[in-house]
Amino acid sequence: MVSKKKLMASVATTVALTGAGFMTVGQVVPQLVIQQNVKAASAINDYISNNNIQPVSIQNEEGTFSKWFGYENGVGKPEGVVVHETATPGATARNEVTYFNREWSTMYSYVHAFVDNNEIINIHNTDYGVWGAGQTANAKYIQIELCEVSTTDEFARSISNDAYYIASKLIQYNLPFTPGTTVLSHNDVSNKYGDTNHTDPVGYFAAWGYSMDQFYDLIGTYYNNLKASGSVTNGGGSTSTTDPDTDSSTIKVNNTDGYYVPIVSFDSTGVATAVKSRALANNTPWYTDKTKDYEGHTYHRVATNEWVSDQYIVN
Ligand SMILES: [Zn+2]
């Protein structure tokens, strides 16, 4: 499944670069078939967006894990989040919480949270480390386990909940969203540090036609929308962001002439308007997935239709 929105954005950007402004929907449609294979459109992310799926809230409860240790940078200083998948078909987040609370001392394994399509259950204070992915990663990261589900709708909801937890934790600890660095799969951890050989959640994702790159898109959207408005959907906008002209990176913004960094939105004719109700805090990092050239500046997208000018980007 391919999103028309994505292609429209792609073509519109190309046209904007030539200075002709945006095209209409009718003009764009014939291009759809040609470009649909360019990159990771995600049917799951589209499903989340099209059905307005919202994450549930995070439940915090005290688990039984009694090994309280800080991260290598100290208590309350995680460096990011590791994404796991339980590999246990049919077990809900509640089932897993019960099991790990009972068995961690014999399995030598524990994580901060379990998530499924219905619940996000946090069972250990994320200021402290857990035993989830080998000693190197345990000293650096918050760790969350995604439970296996059996329908597309359940999978989409579980992914939305997982992304929300991860984005919330990045924001809680004032961490940038840097795919592969502040958010990484257990597979990435195995490749990077070699302490474990687990490859989750890559295989489970693949069974649903999903990938870490697509998951990163969803996390990045939630992260920016949460920072900008406190809501993952930012007023009902799209959560699907991968475009053929994708330009994902993290930028840091600052306005030396003011107390905040202004942002703009683009209307359907390609004209920028200042967003008056919101702005970005000075010296804050933002995940951006797309750029657009307009009146001599390159604008970087930080939310569904909120863009920051290159004149505010600092290194
Ligand atoms: Zn794992």
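The structure displayed is predicted, hence computed values, not measured ones. (Residues numbered from 1 in each chain as written. Predicted model: local features only at pLDDT ≥ 70, side-chain atom pairs only at ≥ 80, totals over all residues. Heavy atoms only, no water.)

### Observations concerning the overall build of the protein
Helix and strand counts for the protein stand at ten helices and 16 strands. Put simply, the protein has 315 residues, and 49% of those count as buried. The contacts of the protein with a sequence gap of at least 6 include a subset with a gap of at least 24, amounting to 72%. A total accessible area of about 13700 Å² is found for the protein, and carbon and sulfur atoms account for 49% of it. (Helix = DSSP H or I, 4+ residues; strand = E, 2+ residues; numbered from the N terminus. Buried < 20%, exposed > 50% of the residue type's maximum accessible area, 1.4 Å probe, protein only. Contact = heavy atoms within 4.5 Å. Areas by Shrake-Rupley, 256 points an atom, 1.4 Å probe, with all protein chains shown as cover.)

### Section: the pattern of salt bridges
For the structure shown, the criterion picks out five salt bridges. Its salt-bridge partner being Glu-103, residue Arg-102 comes within 3.1 Å of it at the nearest N-O pair. By relative accessible area, Glu-103 is classed as partly exposed at 22%. Here Arg-157 makes a salt bridge to Asp-153, at a shortest N to O gap of 2.8 Å. Placement of the pair is Arg-157 and Asp-153 together in helix H7 (residues 152-172), with a separation of four residues, close to one helical turn. (Salt bridge = Lys/Arg side-chain N within 4 Å of Asp/Glu carboxyl O.)

### So, the nonpolar core
Counting residues in hydrophobic clusters, the biggest one holds 39 residues, and the most contacted among them are Ile-159, Phe-205 and Phe-215. Looking at this core, the elements that each hand over two or more residues are helix H4 (43-50), strand E2 (80-85), strand E3 (113-115), strand E5 (141-146), H7, helix H9 (202-207) and helix H10 (212-229). Other than its neighbours up to four places away in sequence, Phe-205 contacts Leu-146, Phe-155, Ile-159, Tyr-210, Ser-211, Met-212 and Phe-215. (Core = buried A, V, L, I, M, F, W, Y, C linked by side-chain atoms within 4.5 Å.)

### Some details on the packing of aromatic side chains
Aromatic ring pairs are reported here in terms of the distance separating the ring centres and the angle at which the planes meet. Per the stated rule, a full pass over the model turns up 22 aromatic pairs. Seen in terms of ring centroids, Phe-177 and Tyr-223 are 6.1 Å apart; in terms of plane orientation they differ by 45 degrees. Their pairing is tilted. Placement of Phe-177 in the loop between H7 and strand E6 (183-185) and of Tyr-223 in helix H10 is noted, with a sequence separation of 46 residues between them. Of the aromatic side chains, those joined through ring pairs into one cluster are Phe-155, Tyr-204, Phe-205, Trp-208, Tyr-210 and Phe-215. If you follow Lys-292 out to its NZ or CZ, it ends over the ring of Phe-266, 4.8 Å from the centre. A cation over a ring is seen here: Lys-292 above Trp-307, with NZ or CZ 4.8 Å from the ring centre. (Phe/Tyr/Trp six-rings, centres within 6.5 Å; stacked < 30°, edge-to-face > 60°. Lys NZ or Arg CZ within 6 Å of the ring centre and 35° of its normal.)

### Topic: the pairing of strand E15 (residues 306-309)
Successive side chains on a regular strand alternate, one facing one side of the sheet and the next facing the other. Burial along E15 is two-sided: the residues Glu-306 and Val-308 and Trp-307 and Ser-309 are all buried. Where strand E14 (residues 297-303) and E15 come together, four bridges link them in antiparallel fashion. Its bridge partner being in E15, Tyr-299 is matched across the sheet by Ser-309. Connecting E14 to the antiparallel partner E15 that follows it, the hairpin turn spans two residues. (Pairing = 2+ DSSP bridges.)

### Notes on unusual backbone geometry
Here Asp-200 and Pro-201 are connected by a cis peptide whose omega angle stands at 0 degrees. You can see Pro-201 is positioned in the loop between helix H8 (186-193) and H9. At Asn-52, a residue that is not glycine, the phi angle is positive and equals roughly 50 degrees. When you line up the elements, Asn-52 lands in the loop between H4 and strand E1 (58-60). By relative accessible area, Asn-52 is classed as partly exposed at 47%. Its identity as a non-glycine residue notwithstanding, Asn-174 has a phi of 55 degrees, on the positive side. Relative to the assigned elements, Asn-174 resides in the loop between H7 and E6. When its relative accessible area of 62% is taken as the criterion, Asn-174 is described as exposed.

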